[in-house]
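Coordinate inspection notes
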There are 2 protein chains.
Amino acid sequence: MKAKVYVTLKNGVLDPQGKAISHALESLGFDEARDVRQGKFIELELADGTSEARIEEMCRKLLANTVIENYRIEIA
Amino acid sequence: MKAKVYVTLKNGVLDPQGKAISHALESLGFDEARDVRQGKFIELELADGTSEARIEEMCRKLLANTVIENYRIEIA
C-alpha cells in the first residue's frame with residue numbers, strides 16, 4: 001500500500017529555505033511571488049494493512065520534528 | 001492566491017534521502033516500510049491573477065531540476 005506524508009513548518013517558524021527561494025524568484029523577475037514556504041513530501045511504500053496509527057508513529061518518531069513541524073498523512 | 005508545487009524525483013533516479021529514511025525506519029523497528037521517496041512540497045503565496053503558465057515557468061527556471069525531477073502544480 002502507498003501513503004503520502006506532507007511535512008510543513010509550523011506557522012511562525014522561520015523558513016530560511018522558503019526565504020531563499022522567494023529571493024531567487026524575485027531576482028529572476030518573478031515579482032508575483034509574495035511568500036514561499038518549503039516542506040517535505042514523503043511517499044511511503046508499506047506492507048499491506050499498515051495502520052494509520054503506525055504511520056503516525058513513524059511521523060512522530062522520525063519523519064517530522066513535531067516541535068517545529070506539522071505533518072499530514074494521506075493513505076492512497 | 002495560493003499555489004502548491006510538488007517536486008519529486010523521476011522514476012529510476014537514485015534517492016539517497018529516501019534510502020536513508022527507509023533504513024532509519026527499519027532500525028526503529030518499522031519493518032512495514034518497503035520503499036521511501038522524498039520530494040519537496042512548496043507553498044507559494046502569489047499576486048492575484050498569476051497564471052499557471054507563469055508558475056510553470058517558475059518551476060522550470062528554479063523550483064525543479066527538470067533533468068531529474070518531475071513537478072506538479074495545484075492552484076488553491
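A quick note: this is a predicted structure, and the numbers were derived from the prediction, not measured. (Residues numbered from 1 in each chain as written. Chains lettered and ligands numbered in written order. Predicted model: local features only at pLDDT ≥ 70, side-chain atom pairs only at ≥ 80, totals over all residues. Heavy atoms only, no water.)

**A word on the overall build of chain A**
In terms of helices and strands, chain A carries two helices and three strands. Order of helices (α) and strands (β) in chain A, N terminus to C terminus: β-α-β-α-β. In terms of its C-alpha atoms, chain A occupies a principal-axis envelope of roughly 50 × 25 × 15 Å. Going through the 76 residues of chain A one by one, you find that 41% of them count as buried. If you sum the accessible surface of chain A, you get close to 4100 Å²; carbon and sulfur atoms cover 49% of it. Side-chain charges in chain A split into 11 positive and 13 negative, and the spacing between the mean points of these groups amounts to 5 Å. (Helix = DSSP H or I, 4+ residues; strand = E, 2+ residues; numbered from the N terminus. Buried < 20%, exposed > 50% of the residue type's maximum accessible area, 1.4 Å probe, protein only. Areas by Shrake-Rupley, 256 points an atom, 1.4 Å probe, with all protein chains shown as cover. Lys, Arg positive; Asp, Glu negative; His and termini not counted. Charge placed at Lys NZ, Arg CZ, Asp CG, Glu CD.)

**Thoughts on the sheet that holds strand S2 (residues 33-46) of chain B**
Read across the sheet, six strands follow the order S3(A)-S1(A)-S2(A)-S2(B)-S1(B)-S3(B) without closing on themselves; strand pairing throughout is antiparallel. Strands with a single pairing partner mark the edges of an open sheet, and in this sheet they are strand S3 (69-75) of chain A together with strand S3 (69-75) of chain B. Strand-to-strand twist across the sheet, computed as the mean angle between neighbouring axes with direction ignored, equals 25°. Strand direction decides the pairing type here: strand S2 (residues 33-46) of chain A and S2(B), joined by 13 bridges, are antiparallel. Bridge assignment links A:Ile42 to a residue of S2(B), and that residue is B:Gln38. Contacts from helix H1 (residues 16-27) of chain A reach S2 of chain A together with S2 of chain B, with the element oriented near 125° to S2(A). Packed onto the sheet, helix H2 (residues 52-63) of chain A meets strand S1 (2-9), S2 and S3 of chain A and runs at close to 150° relative to S3(A). (Pairing = 2+ DSSP bridges. Axes fitted to C-alpha atoms, helices over the stretch in contact; angles between N-to-C directions. Contact = heavy atoms within 4.5 Å.)

**Things to note about the packing of H2(A) against helix H1 (residues 16-27) of chain B**
With their axes 11 Å apart at the nearest point, H2(A) and H1(B) run at an angle of 110° to one another. Compared by their axis directions, H2(A) and H1(B) come out roughly perpendicular. Residues A:Met58, A:Leu62 and A:Leu63 of H2(A) lie in contact with H1(B), whose contacting residues are B:Ile21, B:Ala24 and B:Leu25. In the contact of H2(A) with H1(B), the residues fall into six nonpolar, no polar and no charged. (Parallel < 35°, antiparallel > 145°, perpendicular 65-115°, else oblique. Nonpolar A, V, L, I, M, F, W, Y, C, P; charged D, E, K, R; others polar.)

**A short note on the interface of chain A and chain B**
Taken together, the contact between chain A and chain B spans 31 residues of the former and 31 residues of the latter. Of the roughly 2900 Å² buried between chain A and chain B, counting both surfaces, carbon and sulfur atoms make up 67%. When the buried area of chain A at its contact with chain B is split by residue, A:Phe30, A:Glu32 and A:Phe41 rank highest and sum to 21% of it. Seen at the junction of chain A and chain B, the total is two salt bridges. Residues B:Glu32 and A:Arg54 are paired through a salt bridge, measuring 2.4 Å at the closest nitrogen-oxygen approach. At the level of secondary structure, the elements contributing two or more residues to the side of chain A that touches chain B comprise S1, H1, S2 and H2 of chain A. Examining the composition of the side of chain A that touches chain B, we find that 14 residues originate from one element, S2(A), more than from any other. Partitioning the side of chain A that touches chain B into residue classes produces 16 nonpolar, five polar and ten charged. (Buried area = accessible area lost by both parts, 1.4 Å probe. Salt bridge = Lys/Arg side-chain N within 4 Å of Asp/Glu carboxyl O.)

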